[in-house]
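Here's the letter readout for the chains.
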Amino acid sequence: MPDITPTVMLSAEEIRDRIAGLAAEISRDYPDDEEIHLVAILKGAFLFLGDLIRAMPRTVTVDFMAVSSYGKGTSSSGEVRMIKDLDTGLEARNVVIVEDIVDTGLTLSYLQEILHARNPKTLRTACLLSKPSRRKIDVKVEYIGFSIEDRFVVGYGLDYAEKYRNLPYIGVLNA
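Now for a description of the structure that goes with this document. As the structure is a prediction and not an experimental result, all values here were calculated from the model. Each residue is numbered by its place in its chain's sequence as written, counting from 1. It should be noted that, the model being predicted, local features are given only for residues of pLDDT at least 70 and side-chain atom pairs only at 80 or more, the latter also being counted only at that level, while totals for whole chains, interfaces and linings use all residues. As a rule here, side-chain values cover all heavy atoms of the structure and leave hydrogens and water aside.

## Notes on the pattern of salt bridges
Line of reasoning, step 1. By definition, a salt bridge exists where a carboxyl oxygen of Asp or Glu is found within 4 Å of a side-chain nitrogen of Lys or Arg. Applying the stated criterion across every chain, the model contains 13 salt bridges.
Line of reasoning, step 2. A salt bridge links R54 to D51; the nearest nitrogen and oxygen atoms lie 2.3 Å apart. Residue R54 and its partner D51 are both found in helix α2 (residues 46-55); the two are separated by three residues, about one turn of the helix.
Line of reasoning, step 3. Categorising residues by exposure relies on relative accessible area from a 1.4 Å probe, with only protein chains included: less than 20% of the type maximum marks a residue as buried, more than 50% marks it as exposed, and the intermediate range marks it as partly exposed. Classification of R54 as exposed rests on a relative accessible area of 66%.
Line of reasoning, step 4. The salt bridge involving D150 is made with K131; its shortest N-O contact spans 3.9 Å. Here D150, found in the loop between β7 (143-147) and β8 (153-154), pairs with K131, found in the loop between β6 (122-130) and β7; they are 19 residues apart in sequence, far enough to count as distant. The helix and strand labels rest on DSSP assignments: H or I over at least four residues marks a helix, E over at least two residues marks a strand, and numbering proceeds from the N terminus.

## Observations concerning the packing of aromatic side chains
Line of reasoning, step 1. In this scheme Phe, Tyr and Trp rings, the latter by its six-membered ring, pair at centre separations within 6.5 Å, and the angle between planes marks the pair as stacked below 30 degrees, edge-to-face above 60, and tilted otherwise. Tallied over the entire structure, the rule returns one aromatic pair.
Line of reasoning, step 2. Consider the rings of F152 and Y160, whose centres lie 6.0 Å apart with planes at 90 degrees: the pair is edge-to-face.
Line of reasoning, step 3. We count a charge as sitting over a ring when the NZ of a lysine or the CZ of an arginine lies within 6 Å of the ring centre and within 35 degrees of the ring normal. Geometry around Y30 places R124 over its ring, the cationic atom sitting 4.7 Å from the centre.

Rendered as structure tokens:
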């Protein structure tokens, strides 16, 4: 696919405003004296995580996992592979998985199952984007930034073949 300029779906301002709302929602769901441990799923969620933690009105800790179900294509292969595991344990911690996008639900279901087995006190999920029409399995997502149509989106950390992550907005690739 040649380099093209994606059509803007969600502006940088819309994303910033919604993330501030998500940060407030997440923080409200936990007692003030309890730490929240955010687990970002690389590579796509790194910008979302950065803006989310800056908007959190409390102390949080972070860790990272990397999984893949796309390779270099535009649709999920359905097979999830762990590429990088966590650096710290989750036992008795309030954990929030931070995902860029929930599409088929397969990757998130895999992550929730693996992390639940590590005995966190609580396990919830926050995603910037949700494509409910693409779900192959039902997964619980407590915090959703935006529900979107089934379009291939890039920008704000999301990529196509490692390109477009640096865009400050979410755009649709129209090839």
